[in-house]
Amino acid sequence: MIRDTILVADDIQMDRLILAQLFSADFKILQAKNGQEVLQQLEENHDKIAVILLDVIMPKMSGLEVLKQLKTRGETKNIPVIFITGDSDDARMIRKAYDMGVAEIISKPIEKYSTERRVLNIINLYNEKYMLAQTNQLQEKRINKTNEIIIATIATMVETRAGDDDTGQHIGNIKTYTKILLEYLNGTAPSFSWTPTKMQEIVLASSLHDIGKILIPESILLKPAQLNAEEFEQMKKHTIYGCKVLRGLKNIAEDTFYTYS
């Protein structure tokens, strides 16, 4: 959704009108005369607001108090806040405002041209930052999906070479059992605590549990009779071979995935 709205918050009506007039040609304008109204407007319009022009001194809730509230709201983290203040000499307030995440501070009385440029620059900067974050998330999802396909293909090739006539079901069963175990154990001990993303990585990694078999000779791997002692010792080495193969997969998988494999 396009953010096409500016929220102007000031307890002095004339100041609100001056700021609104500067941007009304290009943006929809919402107004608030105190901090509580700011939070109410954000509750209803947070996905439309491009920037908040926030007076520092207001009744019921000051600009700093509003800023503190905004820090706890995830849906407003991409909305820049610009302080409007008549006390630009208050170094302590300015330092605190920047420490709390204010994007810019503009002094009263409002100077038309510089205020317009500074506000528009902030909006453009945050829009570019937001779009970059969205692009990175999309690229990360595509990369993860590609990696999943590659890993699933490798796992299927290994199981097929091992002579499993029902490869897909076998791998699917292993992943299902792993998921059930993780869900059962999650949170039962400090070392058994995983986020949904980590659990998904572990489940995917489980599909490569037999990847070392790809280096076992077919004469042993596909032998219809019982393995002799020497052959059995060779078969047991598939775990060691698996570690070697997984080292080569580090370029297509996250370090956490490699750890769980």
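All figures in this text were calculated on a predicted structure; none of them were measured in a lab. (Residues numbered from 1 in each chain as written. Predicted model: local features only at pLDDT ≥ 70, side-chain atom pairs only at ≥ 80, totals over all residues. Heavy atoms only, no water.)

S.K.: Pulling in residues and values, what's your account of the packing of helix 2 (residues 35-45) against helix 3 (residues 63-71)?
M.R.: Two quantities define a packed helix pair, namely the angle between the helix axes and the distance between the axes. In contact at an axis separation of 9 Å, helix 2 and helix 3 are set at 30 degrees when each is read in the N-to-C sense. On the basis of the axis angle, helix 2 is roughly parallel to helix 3. The crossing of helix 2 and helix 3 is right-handed. Of helix 3, the residues touching helix 2 (which contributes Gly35, Val38, Leu39 and Leu42) are Val66, Gln69 and Leu70. Its residues assigned to classes, the contact of helix 2 with helix 3 shows five nonpolar, two polar and no charged. (Axes fitted to C-alpha atoms, helices over the stretch in contact; angles between N-to-C directions. Helix = DSSP H or I, 4+ residues; strand = E, 2+ residues; numbered from the N terminus. Parallel < 35°, antiparallel > 145°, perpendicular 65-115°, else oblique. Left-handed = near helix turned anticlockwise from the far one by under 90°. Contact = heavy atoms within 4.5 Å. Nonpolar A, V, L, I, M, F, W, Y, C, P; charged D, E, K, R; others polar.)

S.K.: Requested: an account of the pattern of salt bridges, with residues and values cited.
M.R.: Inspection of every chain in the model, using the stated rule, returns 11 salt bridges. Measuring nitrogen to oxygen at the nearest pair gives 2.7 Å for the salt bridge that ties Glu37 to Lys33. Looking at Lys33, the relative accessible area reads 43%, which means it is partly exposed. With its nearest N and O atoms 3.5 Å apart, the salt bridge here joins Lys108 to Asp55. Placement of Lys108 in the loop between strand 5 (104-107) and helix 5 (112-161) and of Asp55 in strand 3 (residues 49-55) is noted, with a sequence separation of 53 residues between them. Sharing partners across several salt bridges, the network here consists of Asp10, Asp15, Asp55 and Lys108. (Salt bridge = Lys/Arg side-chain N within 4 Å of Asp/Glu carboxyl O. Buried < 20%, exposed > 50% of the residue type's maximum accessible area, 1.4 Å probe, protein only.)

S.K.: Before we move on, could you go through the pairing of strand 3 and cite the residues and values that matter?
M.R.: Most of strand 3 is tucked away, with seven of its seven residues classed as buried. Alignment of strand 1 (residues 5-9) against strand 3, held across five bridges, turns out to be parallel. Across the sheet, Ile6 pairs through a bridge with Val51, a residue of strand 3. The pairing of strand 3 with strand 4 (residues 81-85) spans four bridges and is parallel. In the strand pairing of strand 4, Leu53 is matched with Ile82. (Pairing = 2+ DSSP bridges.)

S.K.: Can you tell me about the sheet that holds strand 3, naming the residues and giving the values?
M.R.: Strand order in the open sheet formed by five strands is 2-1-3-4-5, with parallel pairing between adjacent strands. Each of the sheet's edge strands pairs with one partner strand only, and the pair in question is strand 2 (28-32) and strand 5. Strand after strand, the sheet turns through a mean of 20 degrees between neighbouring axes, direction not considered. Where strand 1 lies against strand 2, five bridges are found, and the strand directions are parallel. For Val8, the partnering residue across the bridge sits in strand 2 and is Gln31. Sitting on the sheet, helix 1 (residues 13-23) is in contact with strand 1, strand 2, strand 3 and strand 4, with an inclination near 165 degrees to strand 2. Against the sheet, helix 4 (residues 91-99) engages strand 4 and strand 5, with an angle of about 145 degrees to strand 5.

S.K.: Pulling in residues and values, what's your account of the side chain of Arg3?
M.R.: Note on placement: Arg3 falls in the segment before strand 1. Here Arg3 occupies a buried position and makes no salt bridge, while the nearest side chain of opposite charge, Asp47, is found at 6.6 Å. Only 2.8 Å separates the side chain of Arg3 from the backbone oxygen of His46, close enough to count as a polar contact. Polar side-chain contacts of Arg3 include one of 3.2 Å to the backbone oxygen of Ile49. Every residue in contact with Arg3, bar those within four places of it in the chain, is listed here: Phe27, His46, Asp47, Lys48, Ile49, Ala50, Asn78 and Ile79. (Lys, Arg positive; Asp, Glu negative; His and termini not counted. Polar contact = N/O pair within 3.5 Å; in protein donor to acceptor, adjacent residues only side chain to side chain.)

In short, geometric facts, not functional conclusions.
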